[in-house]
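Inside the fold
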Amino acid sequence: MTTSHTPPLPERRGEASPAQLQQENDQLRHAVASHATVDQAIGVLIAVHRIAPAAGFEVLREVSQQTNIKLRSVAETVIGWALGEPLTGPVGRELDTAVQRRSRRDHDSGQAG
């Protein structure tokens, strides 16, 4: 049994046009694809930098915010890097900084307990 609250779907008795349904379908497909891309990039960061999944997401989020580049685009760049493309420019610089910052936080919090 799930504890999350999912709002009920609206009844489809003519309230939504085919165009609205198509738009909603397209948005859902894009969201699923974006989520998969971000998950793959997190996997790269886990493997390369030996960080936790939550830390991997935080690194991607920080890079996105610092570079003003969409999270999905940052994730695509990280995946490309894992496949042999160069990691240059603002994403490369910010990724190194974010990983170092995250590693220090994780190290410091491990020492405190």
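In the block above lies the structure referred to throughout.
Reference entry: report on the structure contained in this document. (Residues numbered from 1 in each chain as written. Predicted model: local features only at pLDDT ≥ 70, side-chain atom pairs only at ≥ 80, totals over all residues. Heavy atoms only, no water.)

Description of the overall build of the protein chain
- Assigned secondary structure in the protein chain consists of 4 helices and 0 strands.
- Counting the 113 residues in the protein chain, one finds 24% classified as buried. (Helix = DSSP H or I, 4+ residues; strand = E, 2+ residues; numbered from the N terminus. Buried < 20%, exposed > 50% of the residue type's maximum accessible area, 1.4 Å probe, protein only.)

Quick notes on unusual backbone geometry
- Even without being a glycine, arginine 50 presents a positive backbone phi close to 55 degrees.
- Topologically, arginine 50 is positioned in the loop between α1 (18–49) and α2 (53–67).
- Although it is not a glycine, asparagine 68 sits at a positive phi angle of roughly 60 degrees.

Structural notes on the environment of aspartate 39
- Topologically, aspartate 39 is positioned in helix α1.
- With a relative accessible area of 40%, aspartate 39 lands in the partly exposed category.
- Remark: the alpha-carbon pair of aspartate 39 and glycine 56, spanning 17 residues in sequence, is separated by 9.2 Å.

Quick notes on helix α3 (residues 71–82)
- With 12 residues, α3 should reach 16 Å at 1.5 Å per residue; the first-to-last C-alpha distance of 17 Å fits that figure.
- Restricting attention to buried positions, one finds in α3 the residues Val74, Ala75, Val78, Ile79 and Gly80.
- Where α3 terminates, the next one or two residues include glycine 84, which has phi positive at roughly 105 degrees. (Expected span 1.5 Å × (residues − 1).)

Things to note about α1
- Across its 32 residues, α1 extends 46 Å between first and last C-alpha, which sits within 8% of the 46 Å expected from 1.5 Å per residue.
- Among the residues of α1, Ser34, Thr37, Val38, Ala41, Ile42, Val44 and Leu45 are the ones counted as buried.
- Looking one or two residues past α1, arginine 50 carries a phi angle of roughly 55 degrees, positive in sign.

Considerations on the nonpolar core
- In this structure, Ala41, Leu45, Val59, Leu60, Val63, Val78 and Leu95 are the most contacted members of the largest nonpolar core, which totals 18 residues.
- Where this core is concerned, the elements lending two or more residues are α1, α2, α3 and α4 (89–112).
- Among the elements that line this core, the one with the most residues is α1, at 5 residues.
- Those residues within four positions of valine 59 in sequence are excluded, and the remaining contacts are Leu45, Ile51, Leu95, Ala98, Val99 and Arg102. (Core = buried A, V, L, I, M, F, W, Y, C linked by side-chain atoms within 4.5 Å. Contact = heavy atoms within 4.5 Å.)

Things to note about the pattern of salt bridges
- Within the structure shown, the criterion is met by 4 salt bridges.
- The partner of glutamate 58 in a salt bridge is arginine 61, and the shortest N-O contact between them spans 2.5 Å. In this pair, glutamate 58 and arginine 61 both sit in helix α2, 3 residues apart, roughly one turn of the helix.
- On the accessibility criterion, arginine 61 (29% relative accessible area) is partly exposed.
- Close ionic contact of glutamate 62 with arginine 101 constitutes a salt bridge, the shortest N to O distance being 3.0 Å. Placement of the pair is glutamate 62 in helix α2 and arginine 101 in helix α4, with a sequence separation of 39 residues.
- Given a relative accessible area of 9%, glutamate 62 falls into the buried group.
- Exposure remark for arginine 101: the relative accessible area of 26% places this residue in the partly exposed category.
- Each of Glu62, Arg101 and Arg102 takes part in salt bridges that share partners, so that together they form one network. (Salt bridge = Lys/Arg side-chain N within 4 Å of Asp/Glu carboxyl O.)

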